[in-house]
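A structural walkthrough
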2 protein chains.
Amino acid sequence: MEKDKPIGVFDSGIGGLTVVREIMRNIPNERIIYFGDTARLPYGNKSKETIIRFSRQIVHFLQTQDVKALVIACNTASALALEEMQKEVDIPIIGVVKPGAKVACKTTKNNRIGVIATKGTIASGLYTDFIHQIKPQAEVIGKACPLFVPLVEEGWRKDPVTREVAARYLEELKDKDIDTLILGCTHYPLLRSMIGELMGEKVTLVNPAYETALQLHELLNEYEIASDSVPEGENPYEFFVSDAAESFRDFANAILPIDIDRAKKINIEEY
Amino acid sequence: MEKDKPIGVFDSGIGGLTVVREIMRNIPNERIIYFGDTARLPYGNKSKETIIRFSRQIVHFLQTQDVKALVIACNTASALALEEMQKEVDIPIIGVVKPGAKVACKTTKNNRIGVIATKGTIASGLYTDFIHQIKPQAEVIGKACPLFVPLVEEGWRKDPVTREVAARYLEELKDKDIDTLILGCTHYPLLRSMIGELMGEKVTLVNPAYETALQLHELLNEYEIASDSVPEGENPYEFFVSDAAESFRDFANAILPIDIDRAKKINIEEY
């Protein structure tokens, strides 16, 4: 049955697990196949052409797993490759950028919205485009923060150096009187409290992962392919990576509400 | 003629151009074909299996360019993939780790040598192995510095944040009474003056790129394939990348003694 098939979710690496977490919490009936492209991460500074090629291989792989819908749980790939992938596949596919833009438009009172993300996402201008489709009068201020991902991966989430880097990156946003800030990269929610302190109480932080899970649910209902019941069998969630499955599993077990036995390593370039 | 064929040089991205520069300066008769794997950089935190697979594709590509010898101008790939590549190809091939180890052994007076590099290079233990082959009595202290590459690529080479990060990383090396420090990643020479100031005058910094060029020359002579004269034709140096050729060219023109017209973008996964 179509309804019993899994959702395919992918990211450049581990960050997309924050989206998986929200799907598990909010649509517990759904099975998930996750792919993290750990051999080729990060995506943030790479070109549109390359991100489309990588996304195409991953979508091909997930289709071999017979998924009924796809979630691009990576802001860069959502910004650069979603439109192309929507042309190429005949199952529903969503990214994290549009849901993030939507909730930011709902949140802002003064129509001044900040976006922090990778270079690729900011340069694409796609958050601005989606926000303007909903609220043409909104002013959007984007800022690339390329050191956030390596600092998080170094384990320096609470470090004074990270605070200094964050203060530097966020300084120009603080002058712009924004009341809403989109955390436009899946790693950034892991710096949420530091970013919140630096921006002050008047700025609401938006994490697109939660809204993406809700929009996915709406989409499944719209196509009449939402699962009716908690999935049977031992493996409702499966995880695949392109490199170093061991460290991926450790991270996954730290942030997901379930323990995963293993992540399978595949050669993504063959797809 | 075998002697007239080019040298193939490769790296995960732009860092290997510091090796190209030394080859141009020290063996000006040789033609060079360079490949930078900018679509899949960085290599520093990836597994041995993945680095070998990537290196194999690049070696295949360079062999289609009819090279007479190969230089792995990336410390991580030298540490993790050189031995395997030497088994697989029948032309001379060298990395940067062994030459770096050799010059460090010549330099040290007190037999206490530090190595700073990526996680992959440090974890491989290969600098230590090569140093011990030459000087079994030497003590080698390794330290991974994963934030140096993103900081250099952010353009913060002289920044107080970078100085604070460097001070943190180098602190434990300062207590170990080393007199020689190998800059074991091709980006690190770009932080040379800051590292030199932090380590103090008594510590000699070793950049493996220069010694690699000299050992390449010896190897070409040994195989009797060194070029006899300055290369003819318009294109003695050719540059290929797997992503974003434009920014590569800007960086190359900033550090090489020649201006390059263009870097050609290829799909490395097809090799």
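Naming follows an unreviewed UniProt entry, where chain A appears as Glutamate racemase of Jingyaoa shaoxingensis. Reading the Sequence similarities (unreviewed entry) entry of the UniProt record for chain A gives the comment "Belongs to the aspartate/glutamate racemases family." UniProt's Pathway (unreviewed entry) comment on chain A is quoted here verbatim: "Cell wall biogenesis; peptidoglycan biosynthesis."

Accessible area lost on assembly of the parts is the figure often given for the size of an interface. Each side of the interface is counted separately: chain A has 31 residues, and chain B has 31 residues. Three residues stand out in chain A for area buried against chain B, namely Leu147(A), Arg168(A) and Glu269(A), and they jointly supply 21% of the buried area on that side. Here chain A is connected to chain B by 8 salt bridges. We note a salt bridge from Asp159(B) to Arg168(A), for which the minimum N-O separation is 2.8 Å. Mapped by element, the contributors of at least two residues to the side of chain A that touches chain B are helix H2 (48-64), helix H7 (148-153) and helix H8 (160-174) of chain A.

What follows concerns the sheet that holds strand S4 (residues 93-95) of chain B. Residues and elements named next belong to chain B. Strand order in the open sheet formed by 6 strands is S4-S3-S1-S2-S9-S10, with parallel pairing between adjacent strands. Edge positions in the sheet fall to S4 and strand S10 (264-265), since each of these pairs with one other strand and no more. Pairing between strand S1 (residues 7-11) and strand S2 (residues 32-36): 5 bridges, direction parallel. Bridging from a neighbouring strand, Gly-8 pairs with Ile-33 of S2. Sitting on the sheet, helix H1 (residues 17-26) touches S1, S2, strand S3 (69-72) and strand S9 (237-241), and the angle it makes with S2 is about 170 degrees. In this fold helix H3 (residues 75-88) packs onto S1, S3 and S4, with an angle of close to 165 degrees to the strand it touches most, S4.

Moving on, we come to the UniProt feature "active site" (unreviewed entry) in chain A. All names here are of chain A. Mapped onto this structure's residue numbering, the UniProt feature "active site" (unreviewed entry) falls at Cys-74 and Cys-185. The greatest C-alpha distance among the residues just named is 7.0 Å, despite their covering 112 residues of sequence, which places them together in space. With a relative accessible area of 4%, Cys-74 lands in the buried category. Once you skip the residues sitting within four places of it in the chain, Cys-74 turns out to touch Phe-10, Asp-11, Ser-12, Tyr-43 and Val-96. Mapped onto the fold, Cys-185 is located in the loop between strand S7 (180-183) and helix H9 (192-199).

Looking now at unusual backbone geometry. In the segment running from Leu41(A) into Pro42(A), the intervening peptide bond is cis, with an omega of -5 degrees. Along the chain, the position of Pro42(A) falls in the loop between strand S2 (32-36) and H2. Located in the positive-phi region is Asp177(A), a residue other than glycine, with phi close to 60 degrees. Looking at where Asp177(A) falls in the secondary structure, it is placed in the loop between H8 and S7. For Glu224(B), which is not a glycine, the phi torsion comes out positive at approximately 55 degrees. Within the secondary structure layout, Glu224(B) lies in the loop between helix H10 (208-222) and S9. Classification of Glu224(B) by relative accessible area gives exposed; the value is 64%.

Our next topic: the relation of the copies chain A and chain B. The transformation that overlays chain A on chain B combines an axial shift of 0.1 Å with a rotation of 180 degrees, and the residual RMSD is 0.0 Å. On the angle and the small slide along the axis, the relation comes out as a two-fold axis. No C-alpha of chain A approaches the rotation axis more nearly than that of Arg40(A), which lies at 2.4 Å. A share of 100% of interface residues in chain A that are also interface residues in chain B marks the association as one of identical surfaces.

So, on to the nonpolar core. One finds Ile116(A), Phe148(A), Ile195(A), Ile116(B), Phe148(B) and Ile195(B) to be the most contacted residues of the largest nonpolar core, which totals 56 residues. Mapped by element, the contributors of at least two residues to this core are H7, H8, S7 and H9 of chain A together with helix H7 (148-153), helix H8 (160-174), strand S7 (180-183) and helix H9 (192-199) of chain B. Excluding anything up to four places from it in sequence, Ile195(B) contacts Ile116(B), Phe148(B), Leu170(B), Leu181(B), Leu183(B), Tyr188(B) and Leu205(B).

Residues and elements named next belong to chain A. The N-to-C vectors of H8 and H9 enclose an angle of 45 degrees; their axes lie 10 Å apart at closest approach. By the angle between their directions, the pair H8 and H9 is classed as oblique. With respect to the hand of their crossing, H8 and H9 are arranged in right-handed fashion. Residues Thr-162, Arg-163, Ala-166, Ala-167, Leu-170, Leu-173 and Lys-174 of H8 pack against Met-194, Ile-195, Glu-197, Leu-198 and Met-199 of H9. Broken down by class, the residue content of the contact of H8 with H9 amounts to 8 nonpolar, 1 polar and 3 charged.

Residues and elements named next belong to chain B. For Thr-162, the position within the fold is in helix H8. Linking Thr-162 and Tyr-271, residues 109 residues apart in sequence, is a C-alpha distance of 38 Å. Setting aside residues no more than four positions away along its own chain, Thr-162 makes contact with Leu-151, Trp-156, Arg-157, Leu-191 and Met-194. Side-chain polar atoms of Thr-162 contact the backbone oxygen of Trp-156, separated by 2.5 Å.

The rules behind the values
Residue positions within a chain follow its written sequence, with the count starting from 1. Key to labels: chains lettered from A, ligands numbered from 1, both in the order written. The predicted nature of this model means local features are confined to residues of pLDDT at least 70 and side-chain atom pairs, given and counted, to a pLDDT of 80 or more, with totals for whole chains, interfaces and linings taken over all residues. Side-chain numbers here rest on the full set of heavy atoms in the structure, without hydrogens or water. UniProt positions are given in the numbering used here, feature names are shortened, and annotations may be inferred rather than shown by experiment. We call two residues in contact when some of their heavy atoms are within 4.5 Å. Put simply, buried area is the surface a 1.4 Å probe can reach on two separate parts but cannot reach once they are joined, added for both. We define a salt bridge as a contact between a side-chain nitrogen of Lys or Arg and a carboxyl oxygen of Asp or Glu at a distance within 4 Å. Numbering of helices and strands starts at the N terminus; helices are DSSP runs of H or I of at least 4 residues and strands are runs of E of at least 2. Here, any two strands with at least 2 DSSP bridges between them count as paired. In this analysis an axis means a line fitted to C-alpha atoms, helices contributing only their contacting stretch, and an angle means the value between N-to-C directions, from 0 to 180 degrees. Buried residues are those whose accessible area, probed at 1.4 Å on protein chains only, stays under 20% of the maximum for their type, while exposed residues exceed 50% and partly exposed ones sit between those limits. Superposition of the copies used a least-squares fit over C-alpha atoms from residues whose pLDDT is at least 70 in both. In this description, a nonpolar core means a group of buried Ala, Val, Leu, Ile, Met, Phe, Trp, Tyr and Cys residues linked to one another through side-chain atoms lying within 4.5 Å. Note that the term roughly parallel is reserved for angles under 35 degrees, roughly antiparallel for angles over 145, roughly perpendicular for angles of 65 to 115, and oblique for everything else. Left-handed describes a crossing whose near helix is turned anticlockwise from the far helix by less than a right angle; the clockwise case is right-handed. Gly falls in the polar group here, along with every residue not listed as nonpolar (Ala, Val, Leu, Ile, Met, Phe, Trp, Tyr, Cys, Pro) or charged (Asp, Glu, Lys, Arg). What qualifies as a polar contact is a pair of N or O atoms within 3.5 Å, subject to a donor-acceptor requirement within protein and to the restriction that residues adjacent in sequence count only when both atoms come from side chains.

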